[in-house]
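An overview of the molecular structure
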Amino acid sequence: RKRWKEQTGKRKQQWKDLLRGICLLSVPGWLFYQSIPVVLVLMLLLPLYLRLCRKEQEKEEKRRLNKGFADALAAFSAALEAGYSAENALTESAKDLAMLYPEKEPIRKELSYLQRQLQNNRSLEEAFTDMAVRTGDEDIFCFAEVFEIAKRSGGDLIQVIKTTERNMAERA
């Protein structure tokens, strides 16, 4: 049911973009040239406009994911400092972010998916790596690799997470 709502929301946005593109292309064509053939020729630019809109939406979603991931790392490190295991810290950070972000935000969806993977007995390292591959985000991918190495070798996870947070903030 949620997936249907998400698809419906995307379809609504696509329809809005389509109508906006038709207006942006046809109104100036008619106002300046008062010719239907010119308006029809301008409509050939509509697929280009729709592609630009889709790329902008993807860029915006990626930006929101990065911001949410930085907040998730902060909550994750706070839970680790409080003495939670890494797996339980993820659950606690998801609860913290539930208060900050609406359910539709990309980070909420990703954390929910991570929790389901943990419930299905996948390791946290595998879940982070899967998240990195699924999102295609370089920061998340780097964090997943460093987290995996630190957890295997018994490194200071809190320091690793804080360093990753700082690096992400410097790049942003």
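Look up a bit, the structure's there.
Scope of this entry: the structure provided in the associated data block. (Residues numbered from 1 in each chain as written. Predicted model: local features only at pLDDT ≥ 70, side-chain atom pairs only at ≥ 80, totals over all residues. Heavy atoms only, no water.)

**Observations concerning the overall build of the protein**
The test is simple: Helix numbers and strand numbers start at the N terminus; a helix is a DSSP run of H or I with at least 4 residues, a strand a run of E with at least 2. Here the globule rule is a power law, 2.2 Å times the number of residues to the power 0.38, and the radius of gyration is based on C-alpha atoms. Only protein chains enter the area calculation, which uses a 1.4 Å probe; residues under 20% of their type maximum are buried, those over 50% are exposed, and those in between are partly exposed. Two residues form a contact once any of their heavy atoms are found within 4.5 Å. Throughout, the Shrake-Rupley method with a 1.4 Å probe supplies accessible areas, and for residues the shown protein chains are the sole cover considered. Positive charge is attributed to Lys and Arg, negative charge to Asp and Glu, and no charge count is given to His or to the chain ends. Note on charges: their place is set at NZ of Lys, CZ of Arg, CG of Asp or CD of Glu.
Counting its secondary structure elements, the protein contains eight helices and zero strands. Secondary structure elements in the protein, listed N-terminal to C-terminal, are α-α-α-α-α-α-α-α. Taking 16 Å as the expected radius of gyration for a compact globule of 172 residues, we find that the protein reaches 22 Å, considerably beyond that expectation. In terms of overall dimensions, the protein has C-alpha extents of about 70 × 35 × 25 Å along its principal axes. For the protein, buried positions account for 31% of its 172 residues. Sequence-distant contacts, at least 24 apart, represent 55% of the contacts inside the protein between residues at least 6 apart. Counting only carbon and sulfur atoms, one obtains 57% of the accessible surface of the protein, whose full area is about 11400 Å². Positive and negative side-chain charges in the protein, numbering 29 and 25 respectively, have mean positions lying 9 Å apart.

**Quick notes on a nonpolar patch on the surface**
Going by this rule: Only residues above 30% relative accessible area that lack a salt bridge enter a patch, with like-charged residues linked at up to 9 Å and the nonpolar side chains Val, Leu, Ile, Met, Phe, Trp and Tyr linked at up to 5 Å. Each salt bridge in this description consists of a side-chain nitrogen of Lys or Arg and a carboxyl oxygen of Asp or Glu lying within 4 Å of one another.
Residues V27, L31, F32 and Y33 make up a contiguous nonpolar surface patch of about 500 Å² in total accessible area. If you trace the backbone, V27 turns up in helix α1 (residues 2–33). Overall, the relative accessible area of 42% leaves V27 in the partly exposed class.

**Observations regarding helix α6 (residues 124–135)**
As a reminder of what qualifies: Expected helix span is taken as 1.5 Å per residue step, with the number of steps being one fewer than the number of residues.
Given a rise of 1.5 Å per residue, 12 residues ought to cover 16 Å, and the 16 Å separating the end C-alpha atoms of α6 matches this to within 8%. At its buried positions, α6 is contacted by α3 (46–81), α4 (86–100), α5 (106–119) and α7 (138–153).

**Section: the packing of α4 against α5**
A pair of packed helices is captured by two measures, namely the crossing angle of their axes and the spacing between those axes. Where we set the bar: Axis definition: a line fitted to C-alpha atoms, over the contacting stretch in the case of helices. Angles run 0 to 180 degrees between N-to-C directions. Should an angle lie under 35 degrees it is considered roughly parallel, over 145 roughly antiparallel, and from 65 to 115 roughly perpendicular; all remaining angles are considered oblique. By convention, the crossing between two helices is left-handed when the near helix turns anticlockwise from the far helix through less than a right angle, and right-handed when the turn is clockwise.
Packing of α4 against α5 leaves a shortest axis separation of 10 Å and a crossing angle of 150°. Comparing their axes, α5 and α4 come out roughly antiparallel. Of the two possible hands of crossing, α4 and α5 adopt the one that is left-handed. Side by side, α4 and α5 meet where E87, L90, T91, A94, L97 and A98 of the first sit next to I107, R108, L111, L114, Q115 and L118 of the second.

**A few points about empty space enclosed by the protein**
Selection criterion: In this analysis, the protein atoms alone were mapped onto a 1 Å grid. Cavities are point sets where a 1.4 Å probe fits without being able to get out; pockets are open sets with protein on both sides within 12 Å along at least five of seven lines; lining residues have an atom within 4 Å of a point. Grid points are joined across faces, edges and corners, and a volume is the space filled by probe spheres set on the points.
Considering all chains together, one arrives at one cavity of 30 Å³ or more under this definition. In this structure, the largest cavity encloses a volume near 50 Å³. Along its surface, the largest cavity is lined by F69, A72, L73, F76, L90, S93, L111, L114, F128 and M131.

**Re the state of the cysteines**
Formally: The criterion for a disulfide is a pair of cysteine sulfur atoms lying within 2.5 Å.
Under the criterion given, the structure shown has zero disulfides. Summary of cysteine pairing: C53 is not part of a disulfide, and the nearest cysteine sulfur, belonging to C23, is at 12 Å. Relative accessible area serves as the criterion here: at 12%, C53 is assigned to the buried category.

**Quick look at the environment of E145**
With respect to the element layout, E145 can be found in helix α7. Assessed through its relative accessible area of 39%, E145 is described here as partly exposed. It is 34 Å that separates the C-alpha atoms of E145 and G9, two residues lying 136 residues apart in sequence.

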